[in-house]
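Fold and geometry: a report
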Amino acid sequence: MNVHDSEKMLGILEQQGYAETRVPHIADLIIFNTCSVRQKAEQKFYSELGRAKAFKKKRPGMQIAVAGCIAQQEGENIIRKAPYVSFVFGPQNIHVLGNFISGRIAATALEENPEVEQTDLPAKRAHGVQAWVTTMYGCNNFCSFCIVPYTRGRERSRPAENILAEVRELAERGYKEITLLGQNVNSYRSDTNFPGLLRMLDRVGGLERIRFVTSHPRDLSDELIVAMGDLPKVCEHIHLPLQSGSNKILRLMNRGYSFEEYVQKVLKLRDRIPDISITTDIIAGFPGETEDDHILTIDALERIEFDGIFAFKFSPRPGTKASVMENQLPDGLTSTRLSQILEIQDKITERKNRSLEGTFQEILLDGQGETDEKKLTGRTRTNKIVTIPWSDIAKGTLIFVEIIKGKQHSLEGRLSVGD
Ligand code: SAM
Ligand code: SF4
């Protein structure tokens, strides 16, 4: 979501005559688009801000702006702490960036913007094959650990017509894959609901694949599972954050589902979409998490066998309920639990990837290998990265490959006979 917000900022700046540079010390404007979901991201930002101060000293005309969730949370404090910052704007105020550049507004823009869903901003997309598309803004869930509802405001869905128009235009420009974005994308509701939106987008000619993140388990309806199974362009992958395998912890997190309910949804997904890959988020060391609760999470990983997980140490965020709960866990214990979670999942991921050896998979080629330019990379419909030996095939092409090796983080493939 932040990457796409940055693309929108680039789109606005381009209209104002700016061009992107990868060399920060020669820039006229540096914008930090920040994340505050965990403390680590915040610390990183403050150390980068210090570097920008040095750039500005050598180039006094340079303007420095801070955007995103830290901007929303800290507001004017940022300018107080770092007077060399000239503009602070939150995720609901990206549209005012143009006014700032032309000197038409004050130094902060942090207001709630109820019209944000109507504001179609020009995005300058970095990728030529896959595009992010906003479906909704904000979140109403108030999970007790999470800062998002405080920084991104209440849930608002974009009109389906606007989303459809954007996706049609992307398909006309040659984009093959879109990823629909929302903090809780399956609670999308405008004149249609999320399955209805998927059905509209599935008919867009030229588009090959539709993905979406992130789905909240509570809002994963039977109707959505049926639509995923029916619609040919909707990929066989869902990111469905579980967070914990313990019902006691899920209740403290205010997640709105039990572990058993979550498992039921996984069974329905696997029943309707047999090859679906399911990934998840896990938080280790939530306040009050006992060894038994932690073991329930490990058991959940072994029972569900996710294709991949993102696991995080609980990070107390200012203003959230969990940050002031009793029984905050010491960092050492949380780190140990996180390592155990990752170790178990690594084995499961590798085992699942190895089980794909010898199968044929459709991949959408999206570029050259990051570490090896003699390789091409693509993703399966189930969102697994595949590398193949270099071949003269254009980015954006769909090809079938045979998987010859399943590794920890990716698969190795080769062009199948006949390609
Ligand atoms: N909206 C999505 C959902 O409901 O799952 C996820 C949004 S959140 C920005 C991404 C992930 O960050 C969450 O699923 C959670 O695992 C993690 N996260 C959020 N707040 C956290 C915190 N305070 N400490 C550790 N992890 C956190
Ligand atoms: Fe945060 Fe996601 Fe919960 Fe919303 S649903 S409060 S974004 S974790």
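Provided above is the structure to which this section pertains.
First things first, this report covers the structure right here in the doc.

Reading the values: rules and limits
Residues numbered from 1 in each chain as written. Chains lettered and ligands numbered in written order. Predicted model: local features only at pLDDT ≥ 70, side-chain atom pairs only at ≥ 80, totals over all residues. Heavy atoms only, no water. Helix = DSSP H or I, 4+ residues; strand = E, 2+ residues; numbered from the N terminus. Rg over C-alpha atoms; globule rule 2.2 N^0.38 Å. Buried < 20%, exposed > 50% of the residue type's maximum accessible area, 1.4 Å probe, protein only. Contact = heavy atoms within 4.5 Å. Areas by Shrake-Rupley, 256 points an atom, 1.4 Å probe, with all protein chains shown as cover. 1 Å grid on protein atoms, 1.4 Å probe; cavity = no way out; pocket = protein on both sides within 12 Å on 5 of 7 lines; lining within 4 Å. Points joined across faces, edges and corners; volume = space filled by probe spheres on them. Nonpolar A, V, L, I, M, F, W, Y, C, P; charged D, E, K, R; others polar. Near = heavy atom within 4 Å. Axes fitted to C-alpha atoms, helices over the stretch in contact; angles between N-to-C directions. Parallel < 35°, antiparallel > 145°, perpendicular 65-115°, else oblique. Left-handed = near helix turned anticlockwise from the far one by under 90°. Phe/Tyr/Trp six-rings, centres within 6.5 Å; stacked < 30°, edge-to-face > 60°. Pairing = 2+ DSSP bridges.

Here the focus is the overall build of the protein. Of the regular secondary structure elements, the protein holds 13 helices and 17 strands. Taking 419 residues into account, the globule formula puts the C-alpha radius of gyration at 22 Å, and the protein, at 22 Å, falls close to it. The principal-axis extent of the C-alpha atoms belonging to the protein is close to 60 × 55 × 45 Å. For the protein, the proportion of its 419 residues judged to be buried stands at 52%. The contacts in the protein between residues at least 6 apart in sequence include a share of 70% that link residues at least 24 apart. Counting only carbon and sulfur atoms, one obtains 51% of the accessible surface of the protein, whose full area is about 19,400 Å².

Quick look at the layout of surface pockets now. Reported here for the second largest pocket is a volume of approximately 1,200 Å³. Residue lining of the second largest pocket: 36 residues in total, with Thr21, Ile30, Ile31, Phe32 and Asn33 positioned closest to the centre. By residue number, the principal contributor to the lining of the second largest pocket is helix H1 (residues 2-15), which donates eight residues. When grouped by side-chain class, the residues that make up the lining of the second largest pocket number 20 nonpolar, five polar and eleven charged.

Turning next to the site of ligand 2. Lining the immediate surroundings of ligand 2 are Cys139, Asn141, Phe142, Cys143, Phe145, Cys146, Val148, Pro149, Gln183, His216 and Arg255. Residues belonging to the shell around ligand 2 are distributed by class as follows: seven nonpolar, three polar and one charged.

On to the packing of helix H9 (residues 222-230) against helix H11 (residues 259-272). With their axes 9 Å apart at the nearest point, H9 and H11 run at an angle of 25° to one another. As far as their axial angle goes, H11 and H9 are roughly parallel. The handedness of the crossing between H9 and H11 comes out as right-handed. For the pair H9 and H11, the contacting residues are Asp222, Ile225, Val226, Met228, Gly229 and Asp230 in the first and Lys265, Lys268, Leu269 and Arg272 in the second. In terms of residue class, the contact of H9 with H11 is made up of four nonpolar, one polar and five charged.

Applying the stated criterion across every chain yields a total of ten aromatic pairs. Where phenylalanine 194 meets phenylalanine 212, the ring centres are 5.0 Å apart and the plane angle is 75°; that geometry is what we call edge-to-face. Highlighted residues: phenylalanine 194 in helix H8 (residues 194-202) and phenylalanine 212 in strand S9 (residues 209-213), separated in sequence by 18 residues. For phenylalanine 212, a relative accessible area of 5% translates into the label buried. Counting every residue linked through ring pairs, the aromatic cluster contains Phe32, Phe45 and Tyr46.

Taking strand neighbours across the sheet as the criterion, the three strands line up as S5-S8-S9 in an open arrangement whose pairing is parallel. Each edge of the sheet is formed by a strand with only one pairing partner; in this case those strands are strand S5 (130-134) and S9. Pairs of neighbouring strands in the sheet enclose a mean axial angle of 25°, with direction left out of account. Bridge analysis of strand S8 (residues 177-181) against S9 gives five bridges, and the strand direction is parallel. Each bridged residue has a counterpart across the sheet, and for threonine 179 the counterpart in S9 is arginine 211.

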